[in-house]
Amino acid sequence: MRPVHTALAVLVAAVWGFNFVVIEIGLDHFPPLLLSALRFLVAALPAVFFVGRPKAAWKWIVGVGIALGVAKFGLLFTGMDAGMPAGLSSLVLQIQSVFTAVLAAVLLRERPGRVRVLGMAVALAGIAVAAVDGGTSGPVLGFTLVVAAAACWGVSNVLTRKAAPPDALNFMVWVCTVPVLPLFALSLLLEGPERDLAALRALDWSGAAVIGYVAWVSTVFGFAAWSYLLRRYPASAVAPFSLLVPVFGMSSAALVLGESVSGLRWLAAVLLVGGVALTSLSPARVARRAPSPAGIGAAGISAAGISAVGSPAAAAASPVPSGSPRTSGAAAPRSG
């Protein structure tokens, strides 16, 4: 890669890593589901008017929008609001690579090789170490919700691979339109209209900056830049840079939020990042089989996804993508 493109890839990883810190700050202004809804609303508008009509089937846009936008980010933001630290969230979320590999093996008949299986085992060991560390420094519920968010991310990765969108940015912008109404409805139902209205009435420059960052910087800019790199270089050259996301996430959380990074957490980081690298960057073999009307055919994209929105070939919308436990939930980044 040219030096300027290498710098761009590192910048995107830094943007996505710092996104967790921004989300943590945003959770002090908004309830988690409301914050997630606003993130997708602002990311979709006005971008949806400039990317043209959808270039993928609506069934895939809706499926990814529900799995990624509603489930993954709803669980992630709620887990962080429940006290899951930003740095640890950025790390644990990377287990999505294992979920993606397992789902691809079951649904897309991508048989994992020995290196990929080894990577999955190493990444799971990292999650176990992170769970031990989280058990001593954070709530079990928050940790569990973030792991569940990673699983939903894996589902969205497989759906994205099946969709094989010809224009990744167009696909992502239209995906962002799907979660808006479901998330607003869930926020009204679970967080209450009074809490939502109070957060919106108290909107200040800090809260607006948070929404702007998670929507335009992390989602629109991050995904546009990542898609640009993937159009110019092989996924195997671009995808490894997403392994820097938890590095930036943990370091920025320590610097900005004062989160401590224990020895166990560093060990978990080494195991998880190493395992994800092996899982994501080793090729998968697609099993040859006769077409079956009931089966799901193999997509033409291999390798587990790493980043925010999907596979390394469509990778990473936001992480996407967090902090100490709160006494007040009203003030509620990582796609993540």
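Look above for the structure.
Residues numbered from 1 in each chain as written. Predicted model: local features only at pLDDT ≥ 70, side-chain atom pairs only at ≥ 80, totals over all residues. Heavy atoms only, no water.

A. Expanded view of the overall build of the protein. When helices and strands are tallied, the protein shows 14 helices and 2 strands. In the protein, buried positions account for 54% of the 336 residues. Of the roughly 13100 Å² of accessible surface on the protein, a fraction of 72% belongs to carbon and sulfur atoms. (Helix = DSSP H or I, 4+ residues; strand = E, 2+ residues; numbered from the N terminus. Buried < 20%, exposed > 50% of the residue type's maximum accessible area, 1.4 Å probe, protein only. Areas by Shrake-Rupley, 256 points an atom, 1.4 Å probe, with all protein chains shown as cover.)

B. The packing of helix α2 (residues 32-44) against helix α8 (residues 168-177), seen in detail. The N-to-C vectors of α2 and α8 enclose an angle of 135°; their axes lie 8 Å apart at closest approach. Taken together, the axes of α2 and α8 are oblique relative to one another. Where α2 crosses over α8, the two elements pack in a sense that is left-handed. On α8, the residues touching F40, A43 and A44 of α2 are V173, C176 and T177. Here the residues of the contact of α2 with α8 are counted per class, giving 5 nonpolar, 1 polar and no charged. (Axes fitted to C-alpha atoms, helices over the stretch in contact; angles between N-to-C directions. Parallel < 35°, antiparallel > 145°, perpendicular 65-115°, else oblique. Left-handed = near helix turned anticlockwise from the far one by under 90°. Contact = heavy atoms within 4.5 Å. Nonpolar A, V, L, I, M, F, W, Y, C, P; charged D, E, K, R; others polar.)

C. Inspection of empty space enclosed by the protein at higher detail. Size it by volume and the largest cavity reaches roughly 40 Å³. Looking at the largest cavity, the residues that line it are A43, L169, M172, V173, C176, T219 and V220. Elements with a minimum of two residues in the lining of the largest cavity: α8 and α11 (205-232). The residue inventory of the lining of the largest cavity, partitioned by class, reads 6 nonpolar, 1 polar and no charged. (1 Å grid on protein atoms, 1.4 Å probe; cavity = no way out; pocket = protein on both sides within 12 Å on 5 of 7 lines; lining within 4 Å. Points joined across faces, edges and corners; volume = space filled by probe spheres on them.)

D. Layout of helix α1 (residues 3-26). The first and last C-alpha atoms of α1 sit 34 Å apart over 24 residues, in line with the 34 Å expected at 1.5 Å per residue. At N19, α1 shows its largest bend, some 30°. (Expected span 1.5 Å × (residues − 1). Bend = angle between axes of the 7 residues up to and from the residue.)

E. The pattern of salt bridges, seen in detail. Counted under the stated rule, the structure contains 1 salt bridge. In this structure, K55 and D167 form a salt bridge, with 3.3 Å as the shortest nitrogen-oxygen distance. With K55 in the loop between α2 and α3 (58-81) and D167 in the loop between α7 (140-163) and α8, this residue pair connects regions lying 112 residues apart in the sequence. A relative accessible area of 48% means that K55 is categorised as partly exposed. Given a relative accessible area of 23%, D167 falls into the partly exposed group. (Salt bridge = Lys/Arg side-chain N within 4 Å of Asp/Glu carboxyl O.)

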